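# A look at the structure
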Amino acid sequence: MTQRDKHDRMANAIRFLSMDAVEKANSGHPGLPMGCADIATVLYTRFLKHDPKAPHWADRDRFVLSAGHGSMLLYSLLYLTGYEDITLDQIKNFRQLGARTAGHPEYGHAAGIETTTGPLGQGIANAVGMALAERILNAEFGDDLVDHRTYVIVGDGCLMEGISQEAISLAGHLKLNRLIAFWDDNNISIDGPVTIADSTDQRARFAASGWNTLACDGHDPEAIAAAIEQAQKSDRPTMIAAKTTIGFGAPTKAGTKAAHGSPLGAAEIAATRKALGWTAEPFDIPSDILDAWRLSGLNAGKPRKDWEKRLAATETAVRAEFERRMRGNLPSGLDDTIAEYKKKLAADRPKVATRKSSEMALEVINGVVPETIGGSADLTGSNNTKTSQTNAIQAGKYGNRYVHWGVREHGMGAAMNGMTLHGGVIPYGGTFMCFSDYARPSMRLASLMGIRTIFVMTHDSIGLGEDGPTHQPVEHLAALRAIPNHLVFRPADATEAAECWQVALETRDAPSTLALTRQNLPAVRTEYFEENPCRLGAYELATADGDAAVTIFATGSEIEIAIAARKALQEAGHPTRVVSVPCFELFEKQSADYQAAIIGKSPVKVAIEAGIRLGWDRFIGLDGIFIGMHGFGASGTIEQLYPHFGITAEATVKAVQAKIEARR
């Protein structure tokens, strides 16, 4: 058997596992795995540095299937190369409830799945983040410990999504030459030929974005290998335009939309077996081919042994720091540092915007947590995300700690996810909260994956003032709180901001969003205590003088209003307590007894937040009083806007007194 024959049979193993799994599931996308099988075979057997027996090896190459609908390509590769999580039974149960082989690759379901893809374009942006994280860590720990590449397969759909341009332009600008993208150039989308909707010269587009571009026959293994070898020598990221046939080998459906997103059908599969000379039954891989695949997996892992020797020979302190970071553990001194900082805040009682409070907290945190990587989507001075420790990362200067993401909120979010997934760094990035809409798909995927990416969203209400309703978040707090497994923090002062940052950093299985004000806020936590009540999600900030007749729940900038309303109500003879609710999601994790105690039994319950009511009935009930927004904002000063929309202590007192009178 010639080398080409061997390659063809190994690639066909991917094709038939994929088409048979899709057929058995009666659901899925056989076309991409069949079209990209040659690329994947060359990559995994000749270039990719990975070890199926140690799948989390820190210096492995990363492979991202951005075109996640072709998930059977990845599952086939993982099974064939010997990853324990993907067995033949898992392949047979493709797309079935409880199987690791979900319809689209899901991070955490199986080792070897580096990220969750499916929403097109996310994977290429994740890959940019992974490649950036690799360079950052390489700058600190050197080639002996960090020296790997990131490979990604993108489809036409990925490249049509706007996020792809955000990602590739940043990668080109930063000259992330360890990144190699394969474009599955098959000219087919769900609706038909790509040409019905798009005529972009993709190579010219990538070149204009600062990439090296190559082209090859995606079914010629030697041409693919030559392109990869050339790409590895580039001083820029490389896009390889691999001309492929979707559904390669299927006699009547190859090269058509019929191969894209539905089973081929028994007759077409039988004809494909005949056309490609594959006589094995479904899910049966000939032993010599399976052996060849498993051997490739063993060979790909050989560099790990040398790497482990280099790691062992590394200076003890450096090795310990590298291993700590890759485990995702925080430095041991962080808690003590936060405690000392809180003591200072209790003494100083600063009156600052929470965006400034966040910056102050980061100045302390970044001094003791060296793996934090800050950034902003062209709003550094507004988001307050840069500290004295975080100089700008530039092409060739990867040892710094701040990313100027440019006006690329969506790409920023996805690339930060890629950085988090890579490991060794903790990224946080900022924009205006209203523009969380632009980043939301990336924020949702961070939540789905359960990863520690931190989003800093400033200018969190009508309090931003004259920029008006285009920039004033109204529904955004509720919309972000609606995402499962996403911690949304809205601190009320500098102490709460520090505590929220502490929890965000401690939480490794969920992303966090910090909603921060433009306007200055007084200190409401004026005494130091060791505990971090923000971990509870909600806590009593001010007690009632007697049995509480009124409970006011509030967040962020509206805590100040709640405190003022409490004072007036108590002077009027209505004992009132104030509950700060910095994080709905953490409150829901507390015991039923704690929740009941915090919500309390006051006959009148009020919520004050400069957003919409959605979500607050959990605290105040359907008959509770809501002081907040009921529509979009307006352009004006903060001094005008809060009274204009009735978000004041006076309006709160009036509403409470009317409620009390009505109950008599």
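Data block above holds the structure.
Because the structure is predicted, anything quoted here is derived from the model rather than measured.

Definitions and limits used
- Throughout, a residue's number is its position along its own chain's written sequence, starting from 1.
- It should be noted that, the model being predicted, local features are given only for residues of pLDDT at least 70 and side-chain atom pairs only at 80 or more, the latter also being counted only at that level, while totals for whole chains, interfaces and linings use all residues.
- To get the side-chain values, all heavy atoms of the structure are used, and hydrogens and water are removed first.
- Runs of H or I in DSSP of at least four residues are treated as helices and runs of E of at least two as strands, each being numbered from the N terminus.
- The size measure is the radius of gyration over C-alpha atoms, and the globule rule it meets is 2.2 Å times the number of residues to the 0.38 power.
- For this analysis, residues touch if any pair of their heavy atoms sits within 4.5 Å.
- Residue exposure ignores everything except the shown protein chains as possible cover, and the areas themselves are Shrake-Rupley values with a 1.4 Å probe.
- Charged residues are defined here as Lys and Arg on the positive side and Asp and Glu on the negative side; His and the ends of the chain fall outside this count.
- A charged residue contributes its charge at one atom only: NZ of Lys, CZ of Arg, CG of Asp or CD of Glu.
- Aromatic pairing here means that ring centres of Phe, Tyr or Trp (its six-membered ring) are within 6.5 Å. Orientation follows from the plane angle: under 30 degrees is stacked, over 60 is edge-to-face, and everything else is tilted.
- Whether a charge sits over a ring comes down to the Lys NZ or Arg CZ being within 6 Å of the ring centre and within 35 degrees of the ring normal.
- Any two strands with at least two DSSP-identified bridges between them are counted as paired.
- Angles shown run from 0 to 180 degrees and are taken between the N-to-C directions of axes, each axis being a line fitted to C-alpha atoms and, for helices, limited to the stretch in contact.
- Using a 1.4 Å probe on the protein chains alone, a residue whose accessible area is under 20% of its type maximum counts as buried, one over 50% counts as exposed, and one in between counts as partly exposed.
- In this analysis, the expected span of each helix is defined as 1.5 Å times one less than the number of residues it contains.
- The directions from the helix axis to the C-beta atoms are what the arc is built from.
- Each angle receives one of four descriptions, namely roughly parallel if under 35 degrees, roughly antiparallel if over 145, roughly perpendicular if within 65 to 115, and oblique otherwise.
- Crossing chirality is assigned from the near helix's rotation relative to the far helix, an anticlockwise turn below a right angle marking it left-handed and a clockwise turn marking it right-handed.

Before going further, it helps to spend a moment on the overall build of the chain. Scanning the chain from terminus to terminus reveals 26 helices and 20 strands. For a compact globule of 664 residues, the expected C-alpha radius of gyration is about 26 Å, and the chain comes in at 28 Å, within 12% of that figure. The principal-axis extent of the C-alpha atoms belonging to the chain is close to 95 × 55 × 45 Å. Counted over contacts in the chain with a minimum sequence separation of 6, partners at least 24 positions apart contribute 77%. Within the structure as shown, the chain displays about 24,300 Å² of accessible surface, and the carbon and sulfur contribution to it stands at 50%. Each charge class in the chain can be summarised by its mean position, and for the 68 positive and 78 negative side chains these summaries are 1 Å apart.

Any two aromatic rings considered together are summarised by their centre-to-centre distance and by the angle between their planes. Evaluated as defined, the whole model comprises 17 aromatic pairs. Aromatic rings pair up to connect Phe553, Phe584, Phe587, Tyr594, Trp616 and Phe619 into one cluster. The ring of Tyr402 has Lys386 sitting right over it, with the charged end atom 5.8 Å from the ring centre. Sitting over the face of the ring of Phe584, Arg481 holds its NZ or CZ atom 3.8 Å from the ring centroid.

What the 5 strands build is an open sheet, ordered 16-18-17-19-20; its pairing is mixed. Each end of this open sheet is capped by a strand with a single partner; those strands are strand 16 (539-542) and strand 20 (625-628). Direction aside, the axes of adjacent strands within the sheet are offset by 25° on average. Against the sheet, helix 26 (residues 649-663) contacts strand 17 (550-554), strand 19 (604-609) and strand 20, and its axis sits at roughly 160° relative to strand 19.

The next point concerns the pairing of strand 19. The side chains of a regular strand alternate, first on one face of the sheet and then on the other. Counting buried positions along strand 19 gives 6 out of 6 residues, so the element sits mostly inside the fold. Along strand 19, one buried face is formed by Val604, Val606 and Ile608 and the opposite face, lined by Lys605, Ala607 and Glu609, is buried too. The pairing of strand 17 with strand 19 spans 5 bridges and is parallel. Directly across from Phe553, in strand 19, lies its bridge partner Ala607. Pairing of strand 19 with strand 20, which is carried by 4 bridges, proceeds in the parallel orientation. Across the sheet, the residue bridging to Ile608 is Ile627, located in strand 20.

A word on the sheet that holds strand 14 (residues 512-516). Taken together, the 6 strands give an open sheet; going across it, the order is 10-9-11-12-14-13, and neighbouring strands pair in parallel fashion. Edge strands, defined here as strands with exactly one partner in the open sheet, are strand 10 (402-404) and strand 13 (487-489). With direction set aside, neighbouring strand axes in the sheet form an average angle of 20°. Summarising the sheet, strand 12 (residues 454-458) and strand 14 pair through 5 bridges and their orientation is parallel. Each residue of the ladder has a partner; that of Phe455, found in strand 14, is Thr513.

The terminal C-alpha atoms of helix 21 (residues 558-571) lie 20 Å apart, and with 14 residues this matches the ideal 20 Å at 1.5 Å per residue to within 8%. Turning to helix 21, its buried residues number three or more, namely Glu558, Ile559, Ile561, Ala562, Ala565, Arg566, Leu569 and Gln570. Projection of helix 21 onto a plane perpendicular to its axis shows the buried side chains occupying an angular sector of 160°, all on one side. With respect to the buried face of helix 21, the exposed residues turned more than 90 degrees away are Lys567 and Glu571. In this structure, the buried residues of helix 21 make contact with strand 16, strand 17, strand 18 (576-580), strand 19, helix 25 (638-644) and helix 26. Of the residues trailing helix 21, Gly573 is marked for its positive phi of about 90°.

Take the pairing of strand 2 (residues 150-154) next. Across the 5 residues that make up strand 2, a large majority, 5, are buried. Because side chains alternate across strand 2, one face comprises the buried residues Thr150, Val152 and Val154, and the other comprises Tyr151 and Ile153, equally buried. With 4 bridges connecting them, strand 1 (residues 62-65) and strand 2 associate as parallel partners. Along strand 2, the bridge assignment pairs Val64 with Val152. Looking at chain direction, strand 2 and strand 3 (residues 179-185) are connected through 5 bridges and run parallel. Of the residues in strand 3, the one forming a bridge with Tyr151 is Ile180.

All right, on to the environment of Met10 then. For Met10, the location among the structural elements is in helix 1 (residues 3-25). The class of Met10 is buried, set by a relative accessible area of 6%. For the pair formed by Met10 and Lys343, sequence separation is 333 residues and the distance between their alpha carbons is 64 Å. Aside from chain neighbours lying at most four places away, what touches Met10 is Thr41, Thr45, Ile289, Ala292 and Trp293.

Here we take up the packing of helix 5 (residues 122-141) against helix 7 (residues 162-173). Between helix 5 and helix 7, the least distance of the axes is 8 Å, while the angle of their chain directions is 20°. By the angle class used here, helix 5 and helix 7 are roughly parallel. For the element pair helix 5 and helix 7, the recorded crossing hand is left-handed. For the pair formed by helix 5 and helix 7, the contact residues are Gln122, Ile124, Ala125 and Val128 on the first element and Ile163, Ser164, Ala167, Ile168, Leu170 and Ala171 on the second.

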